[in-house]
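Chain by chain, the residues run as shown.
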Amino acid sequence: MNDGTTTDGPQIRFIRDALNREFSGLIDLSDYGTRPEAHREQAFLSRALAARTARLLADVDSAEAADCVIDGFNDRGIDAIAFSRETPEIWLVQAKWSDRGRARLATADILKLIDGLNRLTERRYDEFNQRFERLSEQVEKVFFSPYCKIHLVVAVAGDGHLAPDVASLLDNAMSSYNHVAKVVDARVLGIADFHSAILSDTSPPPIDLSLTFTGGFHLASMPHVSYTGMASAVEPANWHERFGPRLYEHNIRRYLGPTSVNHAISTTLVDDPQSFGYLNNGITVLCDSVRASPLISTRRPALLTLHNARVVNGAQTIASIAHVHQNAPDAVALASVLVRVICVSDADEGLATRITAAGHAQNRVDSRDFIALDSQQALIRADFLVSLGKDYVYRRGALAPVDDAGCTVVEAATALACADPDPDLVARLRGDSSSLWDPGPDGGYARLFEPRPTAREIWQAVQLVRKVNESLHAMVSCLDGRAAAISDRGSLLIAHLVFRAFDTQGTEEPGADWEARLDSVPELTRRLLSYLVSVVHAEFGRHTLLNSVFANPQRCRHLAAVVLGFLRTGQAPVPDAGYSASRRLRRPNSVRLLVDHARIADGTQVVYRPGRAEESALGSWLNADPRRFLATWVNDPKRPLVWAADGKQYSPSGLVLLIWKRAEWQGAPPSVAGARHWLIPGEGTLDQLAHELFEVSQASEGPESLETDDRDER
């Protein structure tokens, strides 16, 4: 094996993780029983690559592919032999692995493969190893056929380019067999091929939809074939029932719940179903091809079958129709909806993206929503699934993963912002969360996701920020008012400081003792918070509004430099002597403040965060159904939370009290400040977000301390 050009590190790690997940326990390593672990690992990866090649080319499952591997002593240059289920075809695979993605075949390697081919065609089966014996009958059957096809496959964890002398030897071997008929061909697979194949495994299977235009349709053939017409609203309701969230995989976002627009869609459908088709913007479906029958006339009904259909506009319409259909099917049966079908293959990604982006005008679209069109996010999702076995949600409205099941793009972006060497990102985030999604060259999104971070990088950043927040939450009861406020308002900067002080060297490698390193985070967080409190007191005084400190990039850079200086030298700053309370100012109800300022977008996932006493009393009941932790935000000043467990709307306090009641908590308090119990991952509790808004709005009013009025309507 010769080294070639170095390829993309994340790609080779992605492939390695996929091979480990798919073939662990399936590959025979009995001949490596006494070898060092490093040798066993390399043998496993090389054999797993051969097995993955067999699965890719011969359409066998993982266990069957592992059985195709004959690599070992006397394999005669053939690492795997795979067969077609239907035709007399055989694949002879030679695989080479490289942790650096630089595997290439040397002359000796290709000569061994050709020698193995010659021995097989000469039926010298006894010269192969015992692993070959179980395959010999199938080999004989294929070679006995007059229509036999032999495929030589070179599978390398490298760029897939053959040196000229190696390619020449391979060509000569094929020529010697093909002088009468084309019997032997050759193929080289490299990193790009395996990366693409593994990605395709993580993609949902294509959807075929049936659609009937009840009153005729318009057909356009240039520049793309498209059909436009009215269909019964029952059809998209059936789509939703059959395919669920898969239907909207290519849409900017999933169903957002009972937003004001979606409520209007449902109301119109119930109250005036016969006018629905004229009052709704309709549905846009992209597909690879359309089969229409009969197509006698565009003025007559036609049944269309849409192959590889993707709903790119109209998710809210379809889901709203489906929800009404459950309760008022007769109304839906009377309604029609406008449907536009455009034949655009997945290969024409640019046009599909433009169509998707241009069509979203019914519900308000935030800059956060458009990242769903970025192909890099789909690659990150696949990386999470393959490398970590975890979920990564990047479309608004989709169910957020709970705890160790994964994370959302919002939590990921927040963690990556904290991990950035420059604290200006966390300052910008504290001032305006939408700064994360600015796609410009200097915007937050480009800095965080270009080049694309690996799933392991993102997940470790998320874990670290979660650990910091848990540590701050555990300390809050021991802090005085000002220190608690700095802990709250400065949490992003504190997480940034922990990243700067934390040893992350080598943590990307599999097997790194990451969990053990996280155990040091609580103490590190405590020290950094102590330094930060003292420095803020010394630099900005007792009465500065903290949001004006932690949302300012220059001030955050200064604070970070000073605090890290104290940490490096071990010199503790002199703490401020304290401060006295000023006149108290009542803050408006959190929910009303958040709704009035449109601080939270409709469809945002909100998570119930129980306190210690609650967790002890309710933990088993909550964990029995993860939906009990989750709610969706809608901008309703009275009942903004749609509980995932029953789909009904509640106030924050009302839902907490209901959870306590359903869990039969005998020692539950009679009242609760609910906004402090509901958390938007990566941003803070409803109470904290409202506090931030109020601080900004009161910036010119002086140094009053705050008292919260969080008695929401239940």
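To start, this report covers the structure provided alongside it. Nothing here was measured: the structure is a model prediction, and the numbers come from that model.

1. Considering helix 23 (residues 521-540)
Then step 1. Taking 1.5 Å as the rise per residue, helix 23 with 20 residues should run 28 Å; its terminal C-alpha atoms sit 27 Å apart, in good agreement.
Then step 2. The positive-phi residue at the C-terminal boundary of helix 23 is Gly 541, with phi of around 80°.

2. A short note on helix 25 (residues 553-569)
Then step 1. The first and last C-alpha atoms of helix 25 sit 24 Å apart over 17 residues, in line with the 24 Å expected at 1.5 Å per residue.
Then step 2. Restricting attention to buried positions, one finds in helix 25 the residues Pro 553, Cys 556, Leu 559, Ala 560, Val 563, Leu 564, Phe 566 and Leu 567. Down the axis of helix 25, the sector holding all buried residues measures 155°, keeping them to one side. Seen from the buried face of helix 25, the exposed residues on the opposite side, beyond 90 degrees, are Gln 554, Arg 568 and Thr 569.
Then step 3. Packing partners of the buried residues in helix 25 comprise helix 17 (424-431), helix 21 (491-501), helix 23 and helix 24 (546-550).
Then step 4. Sitting at the head of helix 25, Asn 552 places a side-chain oxygen 3.0 Å from the backbone nitrogen of Gln 554.

3. Some points on the sheet that holds strand 19 (residues 641-643)
Then step 1. Read across the open sheet, the six strands follow the order 20-19-18-17-21-22; overall the sheet is antiparallel. The open sheet is flanked by strand 20 (649-650) and strand 22 (684-685), the only strands paired with a single partner.
Then step 2. Of the strand pairs in this sheet, strand 19 and strand 20 are connected by two bridges, and their pairing is antiparallel. Bridge assignment links Val 642 to a residue of strand 20, and that residue is Gln 649.
Then step 3. Strand contacts of helix 28 (residues 652-662): strand 17 (605-608), strand 18 (630-633), strand 19, strand 20 and strand 21 (678-680), with the helix running at about 25° to strand 19, the strand carrying the most contacts.

4. Side note on a negative patch on the surface
Then step 1. On the surface, a cluster of negative charge is contributed by Asp 403, Asp 404, Asp 513, Glu 515 and Asp 519.
Then step 2. With respect to the element layout, Asp 519 can be found in the loop between helix 22 (514-518) and helix 23.
Then step 3. A residue is classified by how much of its surface remains accessible, and Asp 519, at 56% relative accessible area, is exposed.

5. Considering the pairing of strand 18
Then step 1. The side-chain alternation of strand 18 yields two buried faces, one formed by Leu 630 and Thr 632 and the other by Ala 631 and Trp 633.
Then step 2. Pairing geometry for strand 17 and strand 18, over three bridges, is antiparallel. Residue pairing in the sheet places Val 607 in a bridge with Leu 630 of strand 18.

6. Quick notes on the packing of helix 1 (residues 9-23) against helix 2 (residues 37-58)
Then step 1. The interhelical angle for the contact between helix 1 and helix 2, taken along N-to-C directions, is 80°, at an axis separation of 10 Å. Here helix 1 lies roughly perpendicular to helix 2, going by the angle between them. The segment helix 1 lies against helix 2, with Arg 16, Leu 19, Asn 20, Glu 22 and Phe 23 engaging Phe 44, Leu 45, Ala 48, Leu 49, Ala 51, Arg 52 and Arg 55.
Then step 2. Counted by class, the contact of helix 1 with helix 2 contains seven nonpolar, one polar and four charged residues.

7. Let's talk about unusual backbone geometry
Then step 1. In this structure, the amide linkage connecting Glu 450 to the following residue, Pro 451, adopts the cis form with an omega of -5°.
Then step 2. You can see Pro 451 is positioned in the loop between helix 18 (444-449) and helix 19 (455-475).
Then step 3. The phi angle at Glu 664 is positive, at roughly 60°, despite the residue not being glycine.
Then step 4. Structurally, Glu 664 is set in the loop between helix 28 and strand 21.

8. With respect to the packing of aromatic side chains
Then step 1. Inspection of every chain in the model, using the stated rule, returns nine aromatic pairs.
Then step 2. Taking 5.0 Å as the distance between ring centres and 25° as the angle between the ring planes, the aromatic pair formed by Phe 384 and Tyr 392 counts as stacked. The two residues Phe 384 and Tyr 392 agree in class, both being buried.
Then step 3. In this structure, Arg 628 is placed above the aromatic ring of Trp 621, and the distance from its NZ or CZ to the ring centre is 4.1 Å.

The rules behind the values
- Residues numbered from 1 in each chain as written.
- Predicted model: local features only at pLDDT ≥ 70, side-chain atom pairs only at ≥ 80, totals over all residues.
- Heavy atoms only, no water.
- Helix = DSSP H or I, 4+ residues; strand = E, 2+ residues; numbered from the N terminus.
- Expected span 1.5 Å × (residues − 1).
- Buried < 20%, exposed > 50% of the residue type's maximum accessible area, 1.4 Å probe, protein only.
- Arc of directions from axis to C-beta.
- Contact = heavy atoms within 4.5 Å.
- Polar contact = N/O pair within 3.5 Å; in protein donor to acceptor, adjacent residues only side chain to side chain.
- Pairing = 2+ DSSP bridges.
- Axes fitted to C-alpha atoms, helices over the stretch in contact; angles between N-to-C directions.
- Patch = residues over 30% accessible without salt bridge, like charges linked within 9 Å, V, L, I, M, F, W, Y side chains within 5 Å.
- Areas by Shrake-Rupley, 256 points an atom, 1.4 Å probe, with all protein chains shown as cover.
- Salt bridge = Lys/Arg side-chain N within 4 Å of Asp/Glu carboxyl O.
- Lys, Arg positive; Asp, Glu negative; His and termini not counted.
- Charge placed at Lys NZ, Arg CZ, Asp CG, Glu CD.
- Parallel < 35°, antiparallel > 145°, perpendicular 65-115°, else oblique.
- Nonpolar A, V, L, I, M, F, W, Y, C, P; charged D, E, K, R; others polar.
- Phe/Tyr/Trp six-rings, centres within 6.5 Å; stacked < 30°, edge-to-face > 60°.
- Lys NZ or Arg CZ within 6 Å of the ring centre and 35° of its normal.

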